[in-house]
Amino acid sequence: LILEFDLFAKQQLVEAQHRLRTDDTPIQLHYDDVDLLHPLIEEAFFAEACRQLQKLRTNPSETGILLIANGDSDPKCRAQSYALMRLLWERLGVADADVAFLRHGNRCVPDQLARCLNMPLQWILLPQLLWSGPRLEFIRTLIDDFRKRVPSASRWALGEPIGHHPSTAGWIQQRLLDLWNRHRSKLETR
C-alpha cells in the first residue's frame, strides 16, 4: 500500500499481471489508482497536521504547511497532491501552504525549504506517506542537511506518516471492498 504509484511501480504491476495471466496460475492481481482526495485520507493528514500544530504551540495564522510528495508519477497524481495541500490549507486556516517533490524538477524539496525559510512562519512538513521507510529517511536527510547549513530552519516540525491513523485503516478496508466488488461485477457480467 502506497499513496502514489511512481511510473516504475505502475510498469511493474502491469508486467506482473501479464505474467500471471500467461503462466496459467490461479493467482490473480487486482489494483487501482490511489485517490488522495478520499475523505478518510484527508482526515488522517488533517489529524497529523493538527498534532504537529499542537507540538509547535503556534497559532495557525503564524504557520505554513509543506506537503512533501514523491513526484515521480504522472501529472494526475501530482495534481492530487496540490489539491490535498489546498484542502488542508483551507481546513486548518494556516497562513501559507505549498507542495514539495522528492523526485521532480519543479518544486524540489531543497528549493521549497529555502522558500519556507524566507517567510516569517513556522512550518509543518507533512510527508505524503503511509509508512516509515526509505522515502521518509530521505526526507529527514534532506531536512537535516538543510538545517546544518541554515540553523534558523529549526522552526519546522516534520510530521509522521499516516498509516497508523484509524481513518487510514477505514480507507484501506473501503479500497479492498471496492476492488472486490468491481471484480465480482466483472465476473457477473461475463
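Model, not experiment: these values are computed from the prediction. (Residues numbered from 1 in each chain as written. Predicted model: local features only at pLDDT ≥ 70, side-chain atom pairs only at ≥ 80, totals over all residues. Heavy atoms only, no water.)

A. Up close: helix α4 (residues 109–117). Those residues of α4 not exposed but buried are Val109, Gln112, Leu113 and Cys116. Along the long axis of α4, the arc covered by the buried residues comes to 105°, so they all point the same way. (Buried < 20%, exposed > 50% of the residue type's maximum accessible area, 1.4 Å probe, protein only. Helix = DSSP H or I, 4+ residues; strand = E, 2+ residues; numbered from the N terminus. Arc of directions from axis to C-beta.)

B. Representation of the environment of Asp23 within the structure. By the secondary structure assignment, Asp23 is in the loop between α1 (7–22) and α2 (39–56). Classification of Asp23 by relative accessible area gives exposed; the value is 53%. In sequence terms Asp23 and Phe146 are 123 residues apart; their C-alpha atoms lie 49 Å from each other.

C. Main features of unusual backbone geometry. Of note, Arg57 is a non-glycine position whose phi angle comes to about 55°, a positive value. The residue Arg57 is located in the loop between α2 and β1 (63–69) in this model. For Arg57, a relative accessible area of 76% translates into the label exposed. Phi at Arg107 takes a positive value of approximately 60°, unusual for a residue other than glycine. Residue placement: Arg107 occurs in the loop between β2 (96–101) and α4. Using a relative accessible area of 35% as the deciding quantity, one classes Arg107 as partly exposed.

D. Structural view of the packing of α2 against helix α6 (residues 166–189). Packing of α2 against α6 leaves a shortest axis separation of 8 Å and a crossing angle of 160°. The angle between α2 and α6 places the two elements in the roughly antiparallel class. In this structure, the crossing between α2 and α6 has a hand that is left-handed. Residues Leu40, Ile41, Glu43 and Ala44 of α2 form the contact with α6, whose own contacting residues are Ser167, Thr168, Gly170, Trp171 and Gln174. (Axes fitted to C-alpha atoms, helices over the stretch in contact; angles between N-to-C directions. Parallel < 35°, antiparallel > 145°, perpendicular 65-115°, else oblique. Left-handed = near helix turned anticlockwise from the far one by under 90°. Contact = heavy atoms within 4.5 Å.)

Just distances and angles here, no functional claims.
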